[in-house]
Amino acid sequence: MSDINELVSNILKQVDNSDTASTQYTGTANDSSSAAGKQYGVEDYPLYQKHRDIIKTPSGKSLNDVTLDDIANNRVDRKDLRITADALKMQGDVAGAAGRKTLQMNFDRAAELTKIPDDRLLEMYNALRPYRSTKDELLQIAEELKSKYNANICAAWFEEAAKYYSSRKKLKGDR
Amino acid sequence: MKRQKRFEKLEKRPINKDVIVKEWPEEGFVAMKSPNDPEPSIKVDNGIITEMDGKKREDFDLIDMYIANYGINIDNAEKVMATDSTKIAKMLIDPNISHQDVLAYTTAMTPAKGQDVINQLDFGEMIMGAKKMRERRKPANQCHVTNYIDNPVELAADAAEAALRGFAEEETTTAVSRDAPFNALSVLVGSQTGRPGVLHQCSVDESTELQLGMRGLTSYAETISVYGTDRSFTDGDDTPWSKGFLASCYASRGIKMRFTSGSGSEVLMGYPEGKSMLYLEARCILLSKASGVQGLQNGSLSCISIPTAVPNGLREVLGENLLAMMYDLESATGSDQSFSHSSMRRTWRFMGQFIGGTDFICSGFGAEPNPDNTFAGSNEDVYDYDDIHFLSRDYGQSFGIHSIKEEDAINVRRKAAEALQVVFKGLGLPTITDEEVEAAAYADVHEDMPKRDKVADMKAAQNMMDRGITAVDVIKALIDGDFKDVADAILNLQKQKVVGDYLQTSAIFDEDWNVQSAVNESNDYQGPGTGYRIYNDPDEWKKVTDIPQVIDPEHFDM
């Protein structure tokens, strides 16, 4: 493990010393996360080794409490082995600290989507495909994302799509 | 004309069955630079890109808009765009400049600028660039696991053997799309039997692929295709915003994913807009970056016959791989489709990716004989294994796979088939007989397998989805069938999805579930004596040098 730590600290040093693209994403740029208000960095990674105590399943189970025995005795719900919004925000912190802002933005969107049921999520994706939706339909989904799931980043994504689909002719009936 | 005897024989060589054509820029038949490609340019006003590659913001199509809004590091853009492309190209191979310092420049380039930088490099320089810009320290490899009749038992056996051989990722697809749930399940069980920690995917339509992932029946996705022109993208039935949202859908379920693109796809779809393949691919790479995916599979892929038909085709293919790395993306570098009748040309197809070393040298290598490869045949298949091992040994270079013993292959194939047998039993799926298990242990091609009732399998596969079967049910069946080690591997895979470490760039797992990604195992190559070298990695080096074909000099009869 010492090799990995040394490697990580070397990377950090390198990033901190350069006036590069990456520097702006390191340090304390992100104040919107995270799970427990702590900012996670590359030194916290992998979370499985370093923060297994914090990571929980959607029903609040600790990962050490999910064993073969639990599964054999039906103590694990089929849908409980899923990532949570908190874990995604932690991974977003790590991605941002490693200089990958767009990956962090993806994880931020994903964190909002964890609450949406599979079927509805697939419908939302399909609604964004070309010529599927009217502008109003896209804006309605944006509203649903905001009001029902508190998913403001994703709502803005749909609003942006509605705007550009309208000007670039990708709405229902534009074909 | 009276035929000259040597010319007559040359004409019959396999290479002369390959089709090559003259450049035709108007139809996009040009690899690296078309007279219709735009010149690099950028204008930034108040943090917004108002002009890019000669086009004003009001004239942007959806792809331009998406790249301008999300893909380019705007803070560095004006400085980088004003920097001579030759200077940036030199940074790629200068051992005094680190991976991270190069990224500060290359992540701020527009598509035309990226294209221009790649155009400064010859093939050898691209290899040097890949050495430094690859994300993960240690290269890895990906394979295809398929057969022509979607036989689940053989899929499990082939997946297990491939995992034992060292592939870090396995990709299956179907002969008949309704078989998808069985294929995903078979490769899940087979891969975790062969070597815990191997990732696997099932390449099918977007919605099904996501559903399989949500059920825990796959662990990553890759065939999320993007294209470089608006009409091609629309024909692919997506927009940048739908693809970006899909990327987030995968991450929201803890599933690793990368996008897929490749030169020549726009030509095949008929909408290249007169642009070069490299310029259009640069747009795809930036689209992927803008979507926030961790990686990209590119290198022409199934369209490989298009770039390789024109001059500089294979230089362009390595160039687009390198360009993905220059945007800080995991790079799965193709070489996954047969394109040439010539063994020599086929080998050179992957030499740049092999010697440079990429995150996944092939994506993928056929883990079955080509007639059983339902991706239409790979550039390399099972019969090339020993050639590859010899090349690794010859050059002291990792291909991400290694030689295995015949008895180990038989044992792991049998075990995977037995594990799938108990899973089918536990889930109430059509019986797998002992005869099938035994056949799978020794099989090479699907004809070696006893016939199954295809209709019953197909119905059961659909029924399995209707019943909402997930990885938890698979684990339970394995416990009941006394395959606790395989059950444990699949449980660990699910736990990793809860944590999400493997969503980070270039992530794979070792056999003890240690994640290796660009975060904790980033590429530290910076010239001679640095970076990953297989000949300095005693365990791996032994696996490629100490192989059954080797003759011990002590027993050598002089």
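Residues numbered from 1 in each chain as written. Chains lettered and ligands numbered in written order. Predicted model: local features only at pLDDT ≥ 70, side-chain atom pairs only at ≥ 80, totals over all residues. Heavy atoms only, no water.

For chain B, an unreviewed UniProt entry supplies the name Glycerol dehydratase and the organism Secundilactobacillus collinoides DSM 20515 = JCM 1123.

Where an unreviewed UniProt entry is consulted, chain A appears under the name Dehydratase, small subunit, with the organism given as Secundilactobacillus collinoides DSM 20515 = JCM 1123.

K.L.:
Could you clarify how one ought to interpret the UniProt feature "domain: Diol/glycerol dehydratase large subunit" (unreviewed entry) in chain B in this entry?
P.N.:
Those places that UniProt annotates as "domain: Diol/glycerol dehydratase large subunit" (unreviewed entry) correspond, in this numbering, to residues 2-554 of chain B. Helix makes up 46% of residues 2-554 of chain B and strand 9%, whereas the separation of the span's terminal C-alpha atoms amounts to 56 Å. (UniProt positions renumbered as here; feature names shortened; annotations may be inferred. Helix = DSSP H or I, 4+ residues; strand = E, 2+ residues; numbered from the N terminus.)

K.L.:
Would you mind showing me how to read a positive patch on the surface here?
P.N.:
Residues and elements named next belong to chain B. Side chains of Lys2, Lys5, Arg6 and Lys9 sit close together on the surface and give a patch of like positive charge. Residue position: lysine 9 is located in helix α1 (residues 5-11). For lysine 9, a relative accessible area of 64% puts it in the exposed group. (Patch = residues over 30% accessible without salt bridge, like charges linked within 9 Å, V, L, I, M, F, W, Y side chains within 5 Å. Areas by Shrake-Rupley, 256 points an atom, 1.4 Å probe, with all protein chains shown as cover. Salt bridge = Lys/Arg side-chain N within 4 Å of Asp/Glu carboxyl O. Lys, Arg positive; Asp, Glu negative; His and termini not counted. Charge placed at Lys NZ, Arg CZ, Asp CG, Glu CD. Buried < 20%, exposed > 50% of the residue type's maximum accessible area, 1.4 Å probe, protein only.)

K.L.:
Looking at this model, I keep getting lost on the pairing of strand β4 (residues 140-144) of chain B. Mind explaining?
P.N.:
Walk down a regular strand and you will see the side chains alternate between the two sheet faces. Residues and elements named next belong to chain B. For β4, the tally of buried residues reaches five of five residues, placing the bulk of the element in the interior. Side chains of β4 alternate between two faces, with Ala140, Gln142 and His144 and Asn141 and Cys143 buried alike. One ladder, built from four bridges, connects β4 with strand β11 (residues 360-366); its direction is parallel. Along β11, the bridge assignment pairs cysteine 143 with phenylalanine 365. Two elements, β4 and strand β5 (residues 169-172), share three bridges in a ladder whose sense is parallel. Its bridge partner being in β5, glutamine 142 is matched across the sheet by glutamate 169. Chirality of the crossover, the property in question, places the unit of β4, helix α8 (residues 152-165) and β5 among those that are right-handed. (Pairing = 2+ DSSP bridges. Right-handed = clockwise from strand over helix to strand, strands pointing away.)

K.L.:
Can you help me understand the sheet that holds strand β1 (residues 42-45) of chain B in this one?
P.N.:
Note: strands within a sheet are paired through backbone hydrogen bonds, in either parallel or antiparallel orientation. Residues and elements named next belong to chain B. Strand order in the open sheet formed by three strands is β1-β2-β3, and the pairing between neighbours is antiparallel. Of all strands in the sheet, those bounded by a partner on one side alone are β1 and β3 (55-56). The pairing of β1 with strand β2 (residues 48-52) spans four bridges and is classified as antiparallel. Bridge pairing links lysine 43 to glutamate 51 in β2.

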